[in-house]
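Fold and geometry: a report
Now for the letters of each chain:
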Amino acid sequence: MTTLTLTRSRVSRKDPDRYKQGTARWVVLALVVLTAALVLVPFLIMVMNAFKSPADYSGNGPLAWPESFQLDGLKNYWQQVHFEGKLLNSIIISGSVAMLGVVLSLLNAYALGVGRVRGRIWITGLFLLANMISQEALVYPLYSMAKSFGLYNSRLSVIIIFTVIQSAFGTYLLASVLGTFPKALLEAAALDGAGRWTTLWRVVVPTVRPTLSVLLIFFFIWTWNEFFIPLVMLIDNSTQTVPLALASLQGDRLMDATTTNAGALISLLPTVVFFLIFQRTLTRGVTVGAVK
Amino acid sequence: MRSPRTMISMGAAIVSLALVLAGCSGGDDSGGDAGGTGTGTLKLWHYESANGAMGKAWDRAIEVFKTEHPGVTVEFERKAFEQIQQNASMILASDQAPDLMEYNKGNATAGLLSSKGLLTDLSDEVASRGWDKALSPSLQTTAKYDEKGVMGTGNWFGIPNYGEYVMVYYNKALFQQYGVTVPKTLDEFTAAMDKFVAKKVTPLGMAGAEYPAGQLYYELALSKADRSFVDNYQLYKGSVDFTADPLKYGADTFRDWVQKGYISKQSASLKAEDMGTAFIAGKTPMIVSGSWWYGRFASEIKKFEWGTFLFPGNKLNAGSSGNLWVVPEQSKNKKLAYDFIDITMRPEIQTIMANNGGVPVKADLAKVTDPKNKELIANFEAITQADGLAFYPDWPVPGYYDVLVAGGQSLINGSKNPDQVLTDLGKAYDQGVQEIKNG
Amino acid sequence: MTRGKAGFWWYLLPGAVAFTAIVAVPFGANLYLSLTKWSGIGDPRWIGLDNYTRLLRDDVFWTSFRNTAAMVIAMVVIPTLIGLVLSATLFDVIGRRFGQKTASFLRATFYLPQVLPVVVAGILWGWLLRPDGAVNAVGRAIGLGEHDWLGDPKTALPMVMLVLIWVQIGYPVVIFMAALQRVDPDLYEAAEIDGAGWFRRFQAITLPQIRPETFVVALTCTIAALKVFGPIWALTRGGPNNATTVPSYFAYNAFFNKLQVGYGAAVATALTLVIVVVSIGFLKVQGRVEES
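Residues numbered from 1 in each chain as written. Chains lettered and ligands numbered in written order. Predicted model: local features only at pLDDT ≥ 70, side-chain atom pairs only at ≥ 80, totals over all residues.

Looking only at helices and strands, chain C features 14 helices and two strands. C-alpha extents for chain C along the principal axes are approximately 75 × 75 × 30 Å. (Helix = DSSP H or I, 4+ residues; strand = E, 2+ residues; numbered from the N terminus.)

Below, the structure is given as structure tokens:
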């Protein structure tokens, strides 16, 4: 890596203006586009196989162009796993976790970053523990707890668990950002007679809204793709999520590759759509705006 | 200023919103009717694919059940194999357990759960409904478990509905092209493979990352084994020597076959799916694998003729009863569950299985139309009647599957010699058996 | 009205309660289980420190920790470095010369693997790296011959690392690009007019600006690398012959395949301990940098 940046720097140091008019910027563009294309290759293969018939797949392998485009795989998958129900479960779970997780992170980070309570580094570290412990370690105890509260096989159990796990990251990120929150804004609010609660919602939240959006997107997508804990906690159709539905296609010894690809494609689409809709908020990003 | 109380009530509001969204808990079981035959719910889970032999047969069984129990709602769900494999003990220990479930046979699965009291003892039902009459002794082995959860003796905790065994699938077109005939003995088998190798064709498909390598090693070992070896290895009736035949022969010959080019050196990372699709594509002359492929090959291979033969010369073959019907102890409608099992044992349902490339436990061969399907079932009956089912190599010890996969991969890529592999296999085996004996 | 810091403690209350219930109590239970012999059903039997002494003698355990170093390189070091260069290039060169739309589109492309459920990513890459897969087809075409990439103990780990880099790269790119939005574009213009080359601008403007995010990315990715599970489970299951096994997979295997819950709990505890130590070190360094 270092050698790469060094050689590039030598070129650019000699002639800093090359990027403006010269061909160098096209070279840079081509390099970046090439990298992006490499990233995309596996997705193209997935899409290709999602539209094949099983016989076509077995006969010609995964890399051949489909003999004919078939929607059967997609249709079969949708009906087989009752996809609409799984979609609803995933939206409820990921949506609730995203919202609750952001609120919880915000409350924690407000005390840690703006409030600067004593021992905040240690407290941040403690919260991060939720992120550090491997999920396998929590599974058996969480199962017993959920069972005794009557929450085993309920979406609520997964919502609560992931709200806490995701907010560990949120607390850490937000606390770092709020640690650099402009004092002038807080003092101005205090002069206006605003209390802590008012300051949080009227001054802090509007300023860090872009960061909150980023967290919301991350939490949603991360929770959507979670597999292990939902696999343990959610055991039937009324509660299961999209990735679990995908797993139900893989049998004991057999796996129908085309349907798996079709399922993967359908399972991926909602998060891609979600990401594309909200990606504009990422532009504003992890920032403490209004600093000027 | 606003007090923390406002904050808490806000929090409460958000949480209750989530509660409403989440619709409280997902498991509202309405099947409270215990003893009755006419009403209630049968919650039924299995993990067979919808278009496979078992899936089709059991779909029909559900219809039959509904017509015979008009007041009963059947809540059927197709589950992920992985989920049942991983979480069966958690599910069955909760009040969310189904009334009837397909579950893996063997000590580490059905055996363990039965020994912990999570499965219903079916012995009385077996006697009164005569299910045992449909099942030959080697099929019964995997249905009975003793108090430590070791199979073979004790009470009935599961009912197998179908059988499975390992055989050789071959591509008739390729056999013809290279002038190879179906081998009858192990020597003929290797001679046939030499012919392919001479023409630069790898004769035997393999998948090192999953079960096929372990099963070939076991088949090779079984060619030098007798029943007492199987009893020692699978039922812990005596000690197993990993430095001597038959296991030594299995590992040595496997490595030998790789070196002679019968098996590709580049198959260590392949999955069973890859091996199967390569056979379907007509690229592989032979694979050694189980009857679970049969239905799929029948429906997907269109371009060439194919057939099967038993592993040449073997009296013992890897194979067993299929997965079991088990009735969880927490089942709320055991009577309905028994009724359903009974329906699946009927000739009508068993014949559907047979006609779709499955191996039923009680076949009416006269009603099986396809001669190939007939052959498949006849071969299985021949094995069971000769008491030739030897189960699978990974069964004796929990977690042994991964050890076998690692060993098979080492034999394929040559990173360890057969003796080293056998040492690893023996160590894990001895440790595991020790754990089981200590309880 | 209360001034001072004491009132901020209230804001930590919901987080503390949730954390205790979902993380602290289950982890305590896990600690207890690690001192017992238990198959997951029935009553655990107390065996003291036996699981831990057995752990220290287990070769696979040590192999799994050695492989973790490779995971850190693949999930932290390389993606962060590439992410720095890519985001700076996208922001400074592509964004300013070819328009914000192009930059956003490319960023979305790099992020796509992050949206993909990791199990699906594993299946996709399994195909590409198969002996008769696309990678070997390319290898044959350019005369490099073919290889069983995931089957050879020497190449399996590098290939897993490659897949992880592919999965991870979008995360730093998105976070770093968001951070760069804070930078006044005039700053780059001015620097350019002063004759500062690309590397000079990267060094003097980009790097200092995104230092907080670099810490966040590095720490969260390090934690993720130490407890990585999904990609290993989907790609190699730790094989061939444990060449790619990692602590989380090792623990999972003990929990669910070998039914040695106590032993699995001991592995998970040891892993958590390592993660905690590393994270504390991280937070200390970050605290020191922020102070200065």
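Here we take up the packing of helix H9 (residues 185-193) of chain C against helix H10 (residues 198-209) of chain C. Residue and element names in this part refer to chain C. Packing of H9 against H10 brings their axes to within 11 Å, and their N-to-C directions diverge by 145 degrees. Considering the relative orientation of H9 and H10, their crossing is right-handed. Counting all contacts with H9, which are made through Leu-187, Tyr-188 and Ala-191, the residues of H10 involved are Arg-201, Ala-204 and Ile-205. When its residues are assigned to classes, the contact of H9 with H10 shows five nonpolar, no polar and one charged. (Axes fitted to C-alpha atoms, helices over the stretch in contact; angles between N-to-C directions. Left-handed = near helix turned anticlockwise from the far one by under 90°. Contact = placed C-beta atoms within 7 Å. Nonpolar A, V, L, I, M, F, W, Y, C, P; charged D, E, K, R; others polar.)

This next bit is on the interface of chain A and chain C. Counting residues at the interface gives 80 residues for chain A, matched by 84 residues for chain C. For the side of chain A that touches chain C, the leading source of residues is helix H14 (residues 257-284) of chain A, giving twelve residues. Across the side of chain A that touches chain C, the residue classes tally to 51 nonpolar, 22 polar and seven charged.

Below, the discussion takes up the nonpolar core. Within the largest apolar cluster, 304 residues are counted, with the highest numbers of intra-cluster contacts made by A:Tyr110, A:Ala130, A:Val164, B:Val326, B:Phe340 and C:Val267. If you tally residues by element for this core, the top one is helix H9 (residues 155-179) of chain A, at 16 residues. In contact with B:Phe340, not counting residues within four places along its chain, are B:Leu42, B:Leu44, B:Ala61, B:Phe65 and B:Leu100. (Core = buried A, V, L, I, M, F, W, Y, C linked by C-beta atoms within 7 Å. Buried ≥ 20, exposed ≤ 12 C-beta atoms within 10 Å, placed from the backbone.)

In this section: the UniProt feature "transmembrane region" (unreviewed entry) in chain A. All names here are of chain A. Under the present numbering, the feature "transmembrane region" (unreviewed entry) in UniProt falls on residues 26-51, 87-109, 121-143, 155-179, 200-224 and 262-278. Taken as a whole, residues 87-109 contains 100% helix and 0% strand, while its terminal C-alpha atoms sit 32 Å from one another. Within the segment residues 121-143, helix and strand shares are 91% and 0% respectively, and the terminal C-alpha atoms sit 31 Å apart. (UniProt positions renumbered as here; feature names shortened; annotations may be inferred.)

Looking now at the sheet that holds strand S12 (residues 324-326) of chain B. Residues and elements named next belong to chain B. Spatially, S2-S1-S3-S12-S6 is the arrangement adopted by the five strands of the open sheet, whose pairing is mixed. At either end of the open sheet lies a strand with only one pairing partner, and these are strand S2 (72-78) and strand S6 (159-160). Note: strand S3 (residues 100-103) against S12, three bridges, orientation antiparallel. The partner of Met-101 across the bridge, within S12, is Val-326. Packing of helix H14 (residues 334-344) onto the sheet brings it into contact with strand S1 (40-46), S2, S3, S6 and S12, and relative to S1 it is tilted by some 50 degrees. (Pairing = 2+ DSSP bridges.)

Quick look at the environment of A:Ile266 now. Residues and elements named next belong to chain A. For Ile-266, the position within the fold is in helix H14. Taking the C-alpha atoms as reference, Ile-266 lies 9.4 Å from Ala-50; in sequence the two are 216 residues apart. Ile-266 has contacts with Leu-74, Tyr-77, Trp-78 and Phe-83, leaving out every residue within four places of it along the chain.

At 3.6 residues per turn, the α-helix brings residues three or four places apart onto the same side. Residues and elements named next belong to chain B. The end-to-end C-alpha separation of helix H9 (residues 211-222) is 16 Å, in line with the 16 Å expected for twelve residues at 1.5 Å each. Burial of H9 is extensive: twelve of the twelve residues sit out of reach of the surface. For H9, the full list of buried residues reads Tyr-211, Pro-212, Ala-213, Gly-214, Gln-215, Leu-216, Tyr-217, Tyr-218, Glu-219, Leu-220, Ala-221 and Leu-222. Where H9 is buried, its residues touch strand S7 (163-171), helix H11 (247-259), helix H12 (272-280), strand S9 (286-290) and helix H17 (400-413). (Expected span 1.5 Å × (residues − 1).)

With 29 residues of chain B at the interface, the matching set in chain C holds 26 residues. Elements with a minimum of two residues in the side of chain B that touches chain C: helix H1 (4-22), helix H3 (81-92), helix H4 (107-115) and H17 of chain B. The leading source of residues in the side of chain B that touches chain C is H17(B), at seven residues. Classifying every residue of the side of chain B that touches chain C gives 13 nonpolar, twelve polar and four charged.

Moving on, we come to the UniProt feature "transmembrane region" (unreviewed entry) in chain C. Residue and element names in this part refer to chain C. Mapped onto the present numbering, the UniProt feature "transmembrane region" (unreviewed entry) falls on residues 7-29, 69-93, 105-128, 156-180, 215-235 and 261-283. A distance of 25 Å separates the end C-alpha atoms of residues 105-128, which is 92% helix and 0% strand. Between the end C-alpha atoms of residues 156-180 the distance is 37 Å, and the span holds 96% helix and 0% strand.

What follows is about the environment of A:Ile121. Its place among the elements puts A:Ile121 in helix H7 (residues 120-132). Between the C-alpha atom of A:Ile121 and that of A:Tyr172, which follows or precedes it by 51 residues, the distance is 9.6 Å. When neighbours within four sequence positions are excluded, A:Ile121 is seen to be in contact with C:Leu283 and C:Gly287.

Every other side chain in a regular strand lies on the same face of the sheet, so the side chains alternate between the two faces. All names here are of chain B. Taking burial as the measure, the seven residues of S1 include six buried ones, the bulk of the element. Of the strand pairs in this sheet, S1 and S2 are connected by seven bridges, and their pairing is parallel. By the bridge assignment for S2, Trp-45 is matched with Glu-77. Once the chain exits S1 it traverses helix H2 (residues 53-68) before rejoining the sheet at S2, and the crossover so formed is right-handed. With two bridges connecting them, S1 and S3 associate as parallel partners. (Right-handed = clockwise from strand over helix to strand, strands pointing away.)

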